[in-house]
Amino acid sequence: MSDQAALFRDLHRSGAVLVLPNAWDAASAAVIEAGAVGVNLEDSGGAPLLSPKDQARRIVEARAAADAAGVDVFINARTDVYLVGIPGDQPAEVEERARVYADAGADGLFVPGLLDLDVIARLAGGPLPLNVMAGPGAPAVAELAAAGVARVSVGSAIAQSAYACAARAAAELLGAGTYDTLADGLDYGGLNAALST
């Protein structure tokens, strides 16, 4: 496990962006081998955000617990400054949180909701490798990489897209009685193989 965690950590510092099409639910997670090497620690469950000091304490505790268990883990400190819409100077708020979280032992900074390339470039110059959450309307991976992003993930977007396709297929079947939406699906054997891994 330590080798996997070291590789995962290195992928955030190699100068090339790491792109993660996230597993989101039991079905998508089933295609990924066991052995998590990273965790997100969020500073919110909504508004208000935890103070940087309180979040730093959680990071310190997570790092200590991992160390005590002999587990090398990548701690991605997630801040929801942009998702929650904290008023004021958001880039400065994230920069301050990044400094505090880095001092507490975080390995990376995750800022979902941030899509402005100038701000992304500013934050990418901070003390932690920057992870952004992309999706429709976001800059392309190449643009994010050029801005200094270390990791691009998509959160629940792939699962949301898959379930939207399922809803369209069911509506088509129950409405028109046709099957066109099903045309580009995985073949049955491939799907079973993925889910039995």
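Keep in mind it's a predicted model, so treat the numbers as computed, not measured. Positions within a chain are numbered from 1, following the residues in the order the chain's sequence is written. Under the rules for a predicted model, residues below a pLDDT of 70 receive no local features and side-chain atom pairs below 80 are neither given nor counted, while totals for whole chains, interfaces and linings still include all residues. Note that the side-chain values use all heavy atoms of the structure and ignore hydrogens as well as water.

Visitor: So what's going on with the overall build of the chain? Residues and values would help.
Guide: Secondary structure counts use DSSP, requiring at least four H or I residues in a row for a helix and at least two E residues in a row for a strand, with both numbered from the N terminus. The helix and strand tally for the chain stands at nine helices and six strands. Within the chain, buried positions represent 33% of all 197 residues. Pairs at least 24 apart in sequence give 63% of the contacts found in the chain among residues at least 6 apart. For accessible areas, the Shrake-Rupley method is used with a probe of radius 1.4 Å. Any residue's cover is judged against the shown protein chains and nothing else. Counting only carbon and sulfur atoms, one obtains 59% of the accessible surface of the chain, whose full area is about 10800 Å². Accessible area is worked out with a 1.4 Å probe on protein chains only. A residue is then buried under 20% of its type maximum, exposed over 50%, and partly exposed in between. Contacts are assigned to residue pairs with any non-hydrogen atoms lying within 4.5 Å of each other.

Visitor: Describe the nonpolar core, naming the residues involved and giving the relevant values.
Guide: When a protein is soluble and globular, its nonpolar side chains tend to lie buried together. Among the nonpolar cores identified, the biggest contains 29 residues, and Ile59, Leu109, Ile120 and Leu130 are the most heavily contacted of them. For this core, the secondary structure elements donating two or more residues are α3 (52-68), β3 (74-78), α4 (81-84), α5 (90-104), α6 (117-124) and β5 (130-133). Here the element with the most residues in this core is α5; it accounts for four residues. Setting aside residues up to four positions removed in sequence, Leu130 forms contacts with Leu109, Val111, Ile120, Leu123, Ala124, Val149, Ala150 and Arg151. For the purposes of this section, nonpolar cores are sets of buried Ala, Val, Leu, Ile, Met, Phe, Trp, Tyr and Cys residues that join through side-chain atoms within 4.5 Å.

Visitor: Tell me about the packing of α5 against α6, residues and numbers included.
Guide: Helix axes use the C-alpha atoms of the stretch in contact, all axes being lines fitted to C-alpha atoms, and the angles between their N-to-C directions lie in the range 0 to 180 degrees. Closest axis-to-axis distance for the α5/α6 pair is 10 Å, and the angle between their directions is 25 degrees. With respect to each other, α5 and α6 are oriented roughly parallel. Viewed along their axes, α5 and α6 form a crossing whose handedness is right-handed. Between α5 and α6, the contacting residues are Pro91, Ala92, Val94 and Glu95 on the first element and Val119, Arg122 and Leu123 on the second. Convention used here: angles under 35 degrees read as roughly parallel, angles over 145 as roughly antiparallel, angles from 65 to 115 as roughly perpendicular, and any remaining angle as oblique. By the definition used in this description, the sense in which the near helix is turned from the far one sets the handedness, with an anticlockwise turn below a right angle giving left-handed and a clockwise turn giving right-handed.

Visitor: Can you lay out α6 for me, pointing to particular residues and giving the numbers?
Guide: Among all positions of α6, only Val119, Ile120 and Leu123 are buried. Viewed along the axis of α6, the buried residues span an arc of 105 degrees, placing them on a single side of the element. Elements that come into contact with the buried residues of α6 comprise α4, α5, β5 and α7 (141-146). Whenever a nitrogen or oxygen atom comes within 3.5 Å of another N or O atom, the pair is scored as a polar contact, on the condition that within protein one atom can donate a hydrogen and the other can accept it, and that pairs from neighbouring residues in sequence are kept only if both atoms are in side chains. Between the side-chain oxygen of the N-cap and the backbone nitrogen of Asp118 there are 2.9 Å, and the N-cap of α6 in question is Asp116. To obtain the arc, one takes the directions from the helix axis to the C-beta atoms.

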